[in-house]
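One letter stands for each residue in the lines below.
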Amino acid sequence: MFNFDYRNPTHIVFGKERIAEIDKLIPPQARVLVLYGGGSVKKFGTFEAVKQALGTRQQFEFGGIEANPRYETLMRAAALAKAENIDFLLAVGGGSVMDGTKFVALATHFAGDAATLLWNGTAAVDSSKILPLATVATLPATGSEMNAFAVVSHPKGKFGITHAQCYPQFSVLDPSLTFTLPKIQVANGVVDAFVHVCEQYVTYAAEAKVQDRFAEGLLQTLIEVGPITVAQPQDYDARANLVWAATNALNGLIGTGVPQDWATHMIGHELTARFGIDHAQTLAIVMPSLWQVSREQKHGKLLQYAERVWNITTGNDAERIDAAIAKTREFFESLGIKTRLRDYDVAKADIDDIISALEAHRMVKLGEHQAITPAVSRQILEQAW
Ligand code: NZQ
Ligand code: ZN
């Protein structure tokens with residue numbers, strides 16, 4: 001196991017009808033900016049419940065944060081936060097709203113050009129000027145409710161950033177707030193969480209038994225509850241297990257002390273930026289093909305995954321690995337998520353654009369061995385077509 005530091009400061013407020021407790025978690029004198037997306041939270045009553053919980057505090061709102069939140073939109077929110085002297089940000093929505101709010105927290109009082117944080121990292125931010133934030137999560141998928149990452153879309157591409165102060169102070173996770181999600185978003189959530197686990201688990205052995213078995217437990221949970229919660233959105237227990245699995249898939253715990261991959265995500269981000277394909281769908285396209293191409297490097301872990309997650313115990317090594325990859329693809333497809341690039345109206349010739357974008361973003365040595373060069377990414381995408 002590698003050396004590691006682990007600290008996760010986010011207070012999770014999990015369960016039914018917990019929104020009212022926000023009142024106890026935000027300073028009474030705070031000037032609060034509530035950020036949300038395209039309107040689902042207004043339509044389904046979550047926004048109103050938050051407003052009630054905030055009571056007599058000074059409240060401001062910023063709506064219209066789009067899926068794959070855009071830099072320009074977030075800078076408008078940051079301008080509002082600055083003009084109104086906001087001292088607490090409350091994200092109400094899915095990963096895009098939570099991520100966007102983290103960027104607003106960093107950008108509001110940043111003295112320089114905030115766009116540079118996207119490509120230079122966040123070291124230049126004065127940490128005494130970062131706004132505190134919290135979330136009411138309405139979509140189980142990204143883990144943003146309990147991690148310090150944010151992904152922001154800019155005309156130059158889709159960029160991931162992080163800062164220790166981007167952990168939400170608290171996150172309200174009420175599974176029933178997610179009942180209103182369209183089926184496709186629930187399926188996206190299952191796949192995103194599944195791939196988050198795999199990016200930290202299907203790499204190479206590091207004698208990290210706790211992390212491995214946590215990861216396997218999360219994958220088995222997603223395989224068990226995923227189809228139920230897509231088919232029966234009102235089944236509280238199935239949804240509660242999806243919510244908690246998705247949070248644990250990317251809150252840092254299973255990634256401690258182990259090698260991590262993330263090549264599927266980096267290639268996937270380029271597919272979203274270029275073709276607008278939903279985040280999780282890009283992952284379902286890339287990962288099975290990446291495993292085929294990297295099967296030698298991932299040999300041991302793919303066999304472990306085959307046996308412990310899918311109970312594949314017969315056949316030689318190559319057959320077991322083939323079966324595990326096929327099972328993974330079938331699982332995604334069974335949820336209604338297509339796994340081929342051609343299913344999303346992408347032409348084979350368009351792969352050139354993705355390779356150029358990876359090069360432009362210096363994504364030229366990806367994966368746990370930094371072995372995924374643009375030539376390998378091309379192979380992965382061609383096989384994914
Ligand atoms: O905008 P509204 O109207 O709220 O509708 C949203 C949006 O259209 C809707 N929705 C959310 N909650 C709902 C609901 N509809 C009905 N009922 C509800 N309860 O769902 C749609 C998608 O929302 P979005 O927030 O975009 O989805 P998701 O949570 O999948 O977030 C995707 C973003 O997160 C980033 C992705 O790159 C992408 O930009 N990621 C963030 C990560 C992180 N912070 O750690 C890691 C991930 O790998 C990922 O990259
Ligand atoms: Zn993801």
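Here the structure is a predicted model, which means the values were calculated and not measured.

**Let's talk about the packing of helix H7 (residues 183-201) against helix H11 (residues 279-293)**
Next up, step 1: Where H7 meets H11, the axes come as close as 8 Å, and the angle between the chain directions of the two elements is 50°. Between H7 and H11, the angle is such that the two are oblique. Note that H7 runs across H11; the crossing there is left-handed. Across from Asn188, Val191, Asp192, Val195 and Cys198 in H7, the residues of H11 making contact are His279, Ala280, Gln281, Leu283, Ala284 and Met287.
Next up, step 2: Partitioned by chemical class, the residues of the contact of H7 with H11 number 7 nonpolar, 3 polar and 1 charged.

**Quick word on the site of ligand 1**
Next up, step 1: Neighbouring ligand 1 are 34 residues; Gly37, Gly38, Ala67, Gly94 and Gly95 lie closest to it.
Next up, step 2: Counting only elements with at least two residues in the shell around ligand 1, the list comes to helix H2 (40-43), helix H5 (95-107), strand E6 (149-154) and H7.
Next up, step 3: Of the residues belonging to the shell around ligand 1, the class tally is 12 nonpolar, 20 polar and 2 charged.
Next up, step 4: Each of domain 1 (11-177) and domain 2 (183-384) gives at least three residues to the shell around ligand 1.

**Concerning the confidence of the model for the protein chain**
Next up, step 1: Mean pLDDT for the protein chain: 98, with 100% of residues reaching 70 or above.
Next up, step 2: Among the prediction metrics, the complex's ipTM stands at 0.99, with pTM recorded as 0.98.

**Topic: the packing of H11 against helix H13 (residues 317-334)**
Next up, step 1: In contact at an axis separation of 10 Å, H11 and H13 are set at 175° when each is read in the N-to-C sense. As summarised for this structure, H11 and H13 are arranged roughly antiparallel, according to the angle between their axes. On H13, the residues touching Ala284, Pro288, Trp291 and Gln292 of H11 are Ile325, Thr328, Arg329 and Phe332.
Next up, step 2: Of the residues contributing to the contact of H11 with H13, the split by class is 5 nonpolar, 2 polar and 1 charged.

**Observations concerning the domain arrangement of the protein chain**
Next up, step 1: For the protein chain, the assigned domains read domain 1 (11-177) and domain 2 (183-384).
Next up, step 2: Inter-centroid distance (C-alpha atoms) of domain 1 to domain 2 is 27 Å.
Next up, step 3: On the domain 2 side, the residues contacting the 15 residues of domain 1 number 23 residues.
Next up, step 4: Its residues assigned to classes, the side of domain 1 that touches domain 2 shows 6 nonpolar, 7 polar and 2 charged.

**Digging into the UniProt feature "domain: Alcohol dehydrogenase iron-type/glycerol dehydrogenase GldA" (unreviewed entry) in the protein chain**
Next up, step 1: Taking the UniProt record as the reference, the feature "domain: Alcohol dehydrogenase iron-type/glycerol dehydrogenase GldA" (unreviewed entry) is found at residues 9-175.
Next up, step 2: Between the C-alpha atoms that bound residues 9-175 the distance is 21 Å, and the span itself is 29% helix and 25% strand.

**Concerning the environment of phenylalanine 103**
Next up, step 1: On the secondary structure map, phenylalanine 103 appears in helix H5.
Next up, step 2: The sequence separation of phenylalanine 103 and phenylalanine 149 amounts to 46 residues, and the corresponding C-alpha distance is 9.4 Å.
Next up, step 3: Residues in contact with phenylalanine 103, not counting those within four places in the same chain, are Leu74, Ala150 and Val152.

**Focus: H13**
Next up, step 1: The end-to-end C-alpha distance of H13, which contains 18 residues, comes to 25 Å, matching closely the 26 Å that a straight helix rising 1.5 Å per residue would cover.
Next up, step 2: Listed in full, the buried residues belonging to H13 are Ile321, Ala324, Ile325, Thr328, Phe331 and Phe332. End-on view of H13: buried residues confined to an arc of 120°, all on one side of the axis. Facing away from the buried side of H13 by more than 90 degrees, the exposed set consists of Ala318, Glu319 and Glu330.
Next up, step 3: The inward-facing, buried residues of H13 contact H7, helix H8 (209-231), H11 and helix H12 (299-310).

**With respect to helix H10 (residues 263-275)**
Next up, step 1: With 13 residues, H10 extends 18 Å between its outermost C-alpha atoms, agreeing within 8% with the 18 Å of an ideal straight helix rising 1.5 Å per residue.
Next up, step 2: By the criterion of burial, H10 is predominantly enclosed, with 10 of the 13 residues buried.
Next up, step 3: For H10, every residue scored as buried is listed here: Ala263, Thr264, His265, Ile267, Gly268, His269, Glu270, Leu271, Thr272 and Ala273.
Next up, step 4: One or two steps after H10, the chain reaches glycine 276, where phi turns positive at roughly 70°.

**What about the nonpolar core?**
Next up, step 1: Counting 115 residues, the largest nonpolar core has Leu35, Val50, Leu89, Val92, Val104, Val191 and Val197 as its most contacted members.
Next up, step 2: Dropping the residues within four chain positions of it, valine 92 is found in contact with Val34, Tyr36, Val41, Thr46, Phe47, Val50, Val97, Val136 and Thr138.

**Quick notes on unusual backbone geometry**
Next up, step 1: You will see that asparagine 68, though not glycine, has its phi angle at about 55°, which is positive.
Next up, step 2: With respect to the helices and strands, the residue asparagine 68 is situated in the loop between strand E3 (58-62) and helix H4 (71-83).
Next up, step 3: In the Ramachandran plot, asparagine 85 falls in the positive-phi region, its phi being about 55° despite a non-glycine side chain.
Next up, step 4: Among the secondary structure elements, asparagine 85 is positioned in the loop between H4 and strand E4 (88-93).

**Topic: the pairing of strand E5 (residues 133-137)**
Next up, step 1: Most of E5 sits inside the fold, with 5 of its 5 residues counted as buried.
Next up, step 2: Residues of E5 alternate between two faces, with Leu133, Thr135 and Ala137 on one and Ala134 and Val136 on the opposite face, all of them buried.
Next up, step 3: Note: E4 against E5, 5 bridges, orientation parallel. Residue valine 92 lies in a different strand from E5, and its bridge partner there is valine 136.
Next up, step 4: Summarising the sheet, E5 and strand E8 (residues 170-173) pair through 2 bridges and their orientation is parallel. When the sheet's bridge partners are listed, threonine 135 is paired in E8 with serine 171.

Rules and cut-offs
- Residues numbered from 1 in each chain as written.
- Chains lettered and ligands numbered in written order.
- Predicted model: local features only at pLDDT ≥ 70, side-chain atom pairs only at ≥ 80, totals over all residues.
- Axes fitted to C-alpha atoms, helices over the stretch in contact; angles between N-to-C directions.
- Helix = DSSP H or I, 4+ residues; strand = E, 2+ residues; numbered from the N terminus.
- Parallel < 35°, antiparallel > 145°, perpendicular 65-115°, else oblique.
- Left-handed = near helix turned anticlockwise from the far one by under 90°.
- Contact = placed C-beta atoms within 7 Å.
- Nonpolar A, V, L, I, M, F, W, Y, C, P; charged D, E, K, R; others polar.
- Near = placed C-beta within 6 Å.
- Domains from an automatic or database assignment.
- pLDDT = per-residue confidence, 0-100.
- UniProt positions renumbered as here; feature names shortened; annotations may be inferred.
- Expected span 1.5 Å × (residues − 1).
- Buried ≥ 20, exposed ≤ 12 C-beta atoms within 10 Å, placed from the backbone.
- Arc of directions from axis to C-beta.
- Core = buried A, V, L, I, M, F, W, Y, C linked by C-beta atoms within 7 Å.
- Pairing = 2+ DSSP bridges.

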